[in-house]
Amino acid sequence: MKLYKLNNVKETELHTILQRVKSNSNVIRDRVEDILDNVQKNGISAVVKYSKQYEGLNSDNLLVTVKEFKEAEKRVSEEFKVALQKAATNIEKFHSMQKPGEYTTEIIPGVTCGRKYEALEKVGLYIPGGTAPLVSTVLMLGIPAKIAGCKDVTICTPASQGKVSPELLYAISYTGYNKVYKTGGAQAIALMAYIEKVNKIFGPGNRYVTTAKSLINSQESNCTIDMPAGPSEVLVIADSSANPVFVAADLLSQLEHGTDSQAVLVTDSEQIISDVKSEIIRQKEYLSRTEIVNDSLENLILIKVNDTDTAIELSNYYAPEHLIINTENAEQLFDKVRNTGSLFLGAWSPESAGDYASGTNHTLPTSGYSKVYSGLGTEAFMRSYTWQKISENGLSELANPILNLAEVEGLDAHANAVKVRLQNGN
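Owing to the predicted nature of the structure, the values given are computational and were not obtained by experimental measurement.

Cut-offs applied
- Residues numbered from 1 in each chain as written.
- Predicted model: local features only at pLDDT ≥ 70, side-chain atom pairs only at ≥ 80, totals over all residues.
- Heavy atoms only, no water.
- Core = buried A, V, L, I, M, F, W, Y, C linked by side-chain atoms within 4.5 Å.
- Buried < 20%, exposed > 50% of the residue type's maximum accessible area, 1.4 Å probe, protein only.
- Helix = DSSP H or I, 4+ residues; strand = E, 2+ residues; numbered from the N terminus.
- Contact = heavy atoms within 4.5 Å.
- Phe/Tyr/Trp six-rings, centres within 6.5 Å; stacked < 30°, edge-to-face > 60°.

Caption draft 1: A look at the nonpolar core. Membership of the largest hydrophobic core comes to 41 residues, with the highest contact counts inside it found for Val123, Leu125, Cys150, Ile172, Phe202 and Phe381. For this core, the secondary structure elements donating two or more residues are helix H4 (66-75), helix H5 (78-96), strand S4 (122-126), helix H6 (135-148), strand S5 (152-157) and helix H7 (166-175). Residue contributions to this core peak at nine residues, all from H6. Apart from the residues lying within four places of it in its own chain, the contact partners of Phe202 are Leu120, Val123, Gly124, Leu125, Tyr126, Leu141, Lys213, Asp226, Leu376, Ala380 and Phe381.

Pasting the structure below:
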């Protein structure tokens, strides 16, 4: 844990205090580039090689079979099926509202313009599973893909010794799929981009996955990505009214994701800092992922500020993936928030609700990217194009601005496409 006391917000000071968890990015990039290059050249055999090397794959077959899906359905409990359906219902409800509507308008008489939306034809969904099978991510990616109308869905997820958890397979069956590959990491991203040739890759992951997605996005492969997503992070703003038990639990729930996860507490209360530190030490002892938490606690930052307005200013600078405002006046601070992937208001809004079942999506921009990226929504699985229908009279009305602007730009052929119509009209 690192503790800081700030009297005011200075950008240079914040840059030092709020640094994300560092990694040897050059080494990671070099390894990922080698993997991408190998898969691009050698195809599925290269993916199998890496899956055997890193994930203990014990077969040359990466595809999940129909038999495996049927066995998974038998093995999961009825309690799990009910819980999954309840979470899915909430996610479906919220994401159905996000589907963009088409529109048409008459700009002037004889000139009609519109916008039409279409689902992406081929999408790839990455489901992390290195340290935990993220069933929730299946819902967060698969449900909006289904609502958008994506017809071709390829899923990649790491498999331990060639096996995917039955709960994860059941969730995949629930949301729908075309192919499911038992592979993770950079090789999975390469598979979706180069072998399946999907239009867009979705899903969070570790630094290798995020680096692979970024490299794919920068190539001329006709494959793009949803956003840079990972490692995970949370910033909690708390005042003296906050229950330190709640605050500590929220910080720990983020830190258990991985050793590179980060949590930040910003408060105007010395007592809250003291009580939260004690609660963290108490609560972490009965968590199952104690080793991960003990390591990631080094990434916990505690900051004492003078007031909640300063806390909001600091948060907007940091631009957290998750922001929890656990203060007496949480709703009054709502309009001051600018940069976050997802916001949780009030004492009874834990980040884990958004991770699983409240309805919002948990695939969110990290590392400050919430300043320029939005969290995942249904519209991300769609594209749009504009259209126009112009009559002879409508073109006559547009002729003056078209011809004048084309002349200024020196584009005679543009102007001529209008002139020939007006001179040779019926």
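Caption draft 2: Spotlight on helix H8 (residues 185-195). Burial within H8 is extensive, with ten of its eleven residues counted as buried. Residue Lys197 follows H8 closely and has a positive phi angle near 55°.

Caption draft 3: The packing of aromatic side chains, seen in detail. Counted according to the given criterion, the structure contains six aromatic pairs. For the pair Phe246 and Trp348, a centre-to-centre distance of 5.2 Å together with 65° between the ring planes defines the contact as edge-to-face. Placement of the pair is Phe246 in helix H10 (residues 244-255) and Trp348 in the loop between strand S13 (342-345) and helix H15 (351-356), with a sequence separation of 102 residues. With relative accessibility at 26%, the residue Phe246 sits in the partly exposed group. Classification of Trp348 by relative accessible area gives exposed; the value is 73%. Taken together, a centroid distance of 5.8 Å and an interplanar angle of 75° make the contact between Tyr369 and Tyr373 edge-to-face. On the basis of relative accessibility, which here comes to 31%, the residue Tyr373 falls in the partly exposed class.

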